[in-house]
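This is what each chain is made of:
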Amino acid sequence: ISGFVFYKGLTPFIFKGYSFVDFFTGSDWLPGSDKFGIAPMVVASIVATVGALIIGVPIGILTAVFIAEVAPKSVAKIISPAVELLAGIPSVLYGLFGLAFIVPKIQSTLNLPKGQSLLAVILVLAIMMLPTIISVSQTAIKAVPKSYKEGSLALGASEIETIFKVILPAAKSGILAAIVLGVGRAIGETMAVILVAGNSTAMPTSLLDSARPLTTNIALEMGYAAGTHQEMLFATGVVLFLFIIIINLVLTKLTSKGVDR
């Protein structure tokens, strides 16, 4: 699969004389005029993912802490299956929820002509990554030896101090894994994003602008693309592929540091 994607995606640059730098930094995506620039889509993907992380990671980790360490067992038994259920909901249903609820709320609250925007994408992706972050972080927190907690409490630390200064640092590698899995979910999401992004190929200048992330560009045009146009969509996939590789390398580095300490 990797070989096929890279072969198709790199063909225009190796055999047809197109510049990868112009492709990556260009701001015009006009296949009919032989212009292929994905900079606005790269920016949209990065901003949407980072924004979703800023919202989703604190909520996800704190929810995992609540389930694993704070909530009574009767409450935790209700919340845990609910989180697992959220993880099983098809992504298109998250998109429909965003289109029917989040988009109109943004439109009416901020008095915009339309609510499909980067902000809507960020909110939908933040909700979508929560089940992954919560479940993996919860497992990592529960894997911390009880002796760590008992020792901290015995030394006079409060329960909150113990959670944030002892348990979470000890579970750091697992929590980092949860965050990177959440990033993978966000940057690779397609269907939900198509419904709430607005799908404009212009460079977004604010969170209220319509946008078209990389995955959306591939999904919208691959059905009718041919020739160089199709190969440039594969090249978009190569860029996405490289992003995922970089994210996984960062995860490996961070988790190995966490284990060494």
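Cut-offs used in this document
- Residues numbered from 1 in each chain as written.
- Predicted model: local features only at pLDDT ≥ 70, side-chain atom pairs only at ≥ 80, totals over all residues.
- Heavy atoms only, no water.
- Helix = DSSP H or I, 4+ residues; strand = E, 2+ residues; numbered from the N terminus.
- Buried < 20%, exposed > 50% of the residue type's maximum accessible area, 1.4 Å probe, protein only.
- Contact = heavy atoms within 4.5 Å.
- Areas by Shrake-Rupley, 256 points an atom, 1.4 Å probe, with all protein chains shown as cover.
- Lys, Arg positive; Asp, Glu negative; His and termini not counted.
- Charge placed at Lys NZ, Arg CZ, Asp CG, Glu CD.
- Patch = residues over 30% accessible without salt bridge, like charges linked within 9 Å, V, L, I, M, F, W, Y side chains within 5 Å.
- Salt bridge = Lys/Arg side-chain N within 4 Å of Asp/Glu carboxyl O.
- Expected span 1.5 Å × (residues − 1).
- Bend = angle between axes of the 7 residues up to and from the residue.
- Core = buried A, V, L, I, M, F, W, Y, C linked by side-chain atoms within 4.5 Å.

(A) Looking closely at the overall build of the protein. For the protein, the helix and strand inventory stands at 12 helices and 2 strands. Going from N to C terminus, the protein has its helices and strands arranged as α-α-β-β-α-α-α-α-α-α-α-α-α-α. Oriented by its inertia axes, the alpha-carbon framework of the protein measures out at about 70 × 45 × 30 Å. Scored against the burial criterion, the 261 residues of the protein give a buried share of 44%. Put simply, 70% of the contacts in the protein that link residues at least 6 apart link residues at least 24 apart. Total accessible area computed for the protein in this model is approximately 13,100 Å², and 68% of it derives from carbon and sulfur atoms. Positive and negative side-chain charges in the protein, numbering 17 and 13 respectively, have mean positions lying 6 Å apart.

(B) Inspection of a nonpolar patch on the surface at higher detail. A contiguous nonpolar surface patch, about 420 Å² in accessible area, is contributed by Ile 46, Val 50, Ile 54, Ile 55 and Ile 59. Structurally, Ile 46 is set in helix α3 (residues 39-70).

(C) Layout of helix α5 (residues 91-109). For α5, with 19 residues, the first-to-last C-alpha span of 25 Å sits near the 27 Å given by 1.5 Å per residue. At Gly 98, α5 shows its maximal kink, close to 40°. As for α5, its buried residues are in contact with α4 (73-87), α6 (118-142), α9 (172-188) and α10 (191-197). At the exit of α5 stands Asn 111, carrying a positive phi of roughly 55°.

(D) Seen up close, unusual backbone geometry. The phi dihedral of Asp 34 falls on the positive side, at around 60°, and the residue is not glycine. Counting through the fold element by element, Asp 34 comes out in the loop between β1 (29-30) and β2 (35-36). Phi at Asn 111 takes a positive value of approximately 55°, unusual for a residue other than glycine. Checked against the element boundaries, Asn 111 lands in the loop between α5 and α6.

(E) Looking closely at the nonpolar core. Counting residues in each nonpolar core, the largest one holds 57 residues, and the members touching the most others are Phe 23, Trp 29, Ile 38, Ile 61, Leu 125 and Leu 214. No other element matches the 11 residues that α6 contributes to this core.

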